[in-house]
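Single-letter residue listing:
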Amino acid sequence: MDALTAKRRAALGVIFLILRTAASQLCILGGTVILARVLDPADFGVFAILQFALTFFQFFGDAGIGGALIRRKDPPSERELASVFWLQILLALAVVVVIWSIAPVTTLIWKALPPASPWLLRAMSIAFLLTAARIVPSILLERSISFGAIAIIEVLQTLAFYVVACVLALRGAGIWSWAWAMVLQAFIGAAGCFLLKPWRPQLALDWSLLRPLIAFGIPYQVKGLIGFANGAVAPLYAGAALGPSPLGFINWGQQTAYFPLKLVEVMSRVSFPLFARFQDDPRQLARSIERSL
């Protein structure tokens, strides 16, 4: 990919992701209004707590390999991609087994959680396994700066989540509406990635190819861990000290107040693969960084 093509794709990527954000926020607004009228504030708080617990476990199932492959100058080989795919699947399976084993601990940490919470967390963990299966097509789409396809997938995911959650909530499923909506959302994401970027994995798990990726990926993953620790204050402290209902209001307030940061998220998401394409061209890299700032 030459510099001009990369810049054009990055510019289009920003436009596509902004349109995706606008479409997604309309879905979220409509879905949240319906869910807020049907479900209790405590249901929102329970979902926030369980989602936090699931995100915590996800850090142990992601070695940051995606970032390592996106920044690579040379295209990854098929054997390398297959090794990444099977490693991610094995890590995800291990995390799901751990979640199913220790899910009851959640009711000991957050005593106000309903008795069904361990099974809710187990059901939500299936979404993590489906998300792990899409890692290679997602990497290939981001390496090629194909954010138009990514935007389509993510809008469909958001739409599927809120349609399913609202339908189930209206039919009296309660907090289970969130869990099954998460599973369908992850399935739509995985299916969409493989449809828009067809890829078939080989049976390969080459540790000699994985070691340098993991060596870069783990420090890269620490960046996300710091952000996770910052966002953990509300579910950990407020969830334990105040209970699910107040946490439901806090979580809704945070999501609404942080909406302007969506633009920053779009810019940073497009800039990473763009900067990676220019890593050996200091002049183009400097100009791209200046433009982003």
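Residues numbered from 1 in each chain as written. Predicted model: local features only at pLDDT ≥ 70, side-chain atom pairs only at ≥ 80, totals over all residues. Heavy atoms only, no water.

## Here's the deal with the overall build of the protein
Helix and strand counts for the protein stand at 14 helices and zero strands. Along the protein, from the amino end to the carboxyl end, the secondary structure elements read α-α-α-α-α-α-α-α-α-α-α-α-α-α. For the protein, the C-alpha radius of gyration of 20 Å lies close to 19 Å, the compact-globule estimate for 293 residues. Overall, the C-alpha framework of the protein stretches about 55 × 40 × 35 Å when taken along its three principal axes. Per-residue burial for the protein yields a buried fraction of 45% across its 293 residues. Here the protein has roughly 14,900 Å² of accessible surface; of this, 69% comes from carbon and sulfur atoms. (Helix = DSSP H or I, 4+ residues; strand = E, 2+ residues; numbered from the N terminus. Rg over C-alpha atoms; globule rule 2.2 N^0.38 Å. Buried < 20%, exposed > 50% of the residue type's maximum accessible area, 1.4 Å probe, protein only. Areas by Shrake-Rupley, 256 points an atom, 1.4 Å probe, with all protein chains shown as cover.)

## Considering the nonpolar core
Grouped together as the largest cluster of nonpolar side chains are 42 residues, with contacts concentrated most on Leu-35 and Trp-178. Counting only elements with at least two residues in this core, the list comes to helix H2 (41-58), helix H4 (78-102), helix H6 (117-133), helix H8 (147-170), helix H9 (176-196) and helix H11 (233-241). When residues of this core are assigned to their parent elements, the largest contribution, 10 residues, is made by H2. Not counting the four nearest positions on each side in its chain, Trp-178 is found in contact with Leu-35, Leu-39, Asp-43, Phe-44, Phe-47 and Phe-161. Counting residues in each nonpolar core, the second largest holds 17 residues, with Leu-69, Leu-81, Ala-133 and Leu-140 among its members. (Core = buried A, V, L, I, M, F, W, Y, C linked by side-chain atoms within 4.5 Å. Contact = heavy atoms within 4.5 Å.)

## As for the packing of helix H13 (residues 261-277) against helix H14 (residues 282-292)
For any two helices packed against each other, the geometry is given by the interaxial angle and the distance between the axes. Contact pair H13 / H14: the axes reach a minimum separation of 11 Å and the direction vectors enclose 175°. In terms of orientation, H13 lies roughly antiparallel with respect to H14. In contact with Met-267, Ser-271, Leu-274 and Phe-275 of H13, H14 contributes Leu-285, Ser-288, Ile-289 and Ser-292. Its residues placed into classes, the contact of H13 with H14 shows five nonpolar, three polar and no charged. (Axes fitted to C-alpha atoms, helices over the stretch in contact; angles between N-to-C directions. Parallel < 35°, antiparallel > 145°, perpendicular 65-115°, else oblique. Nonpolar A, V, L, I, M, F, W, Y, C, P; charged D, E, K, R; others polar.)

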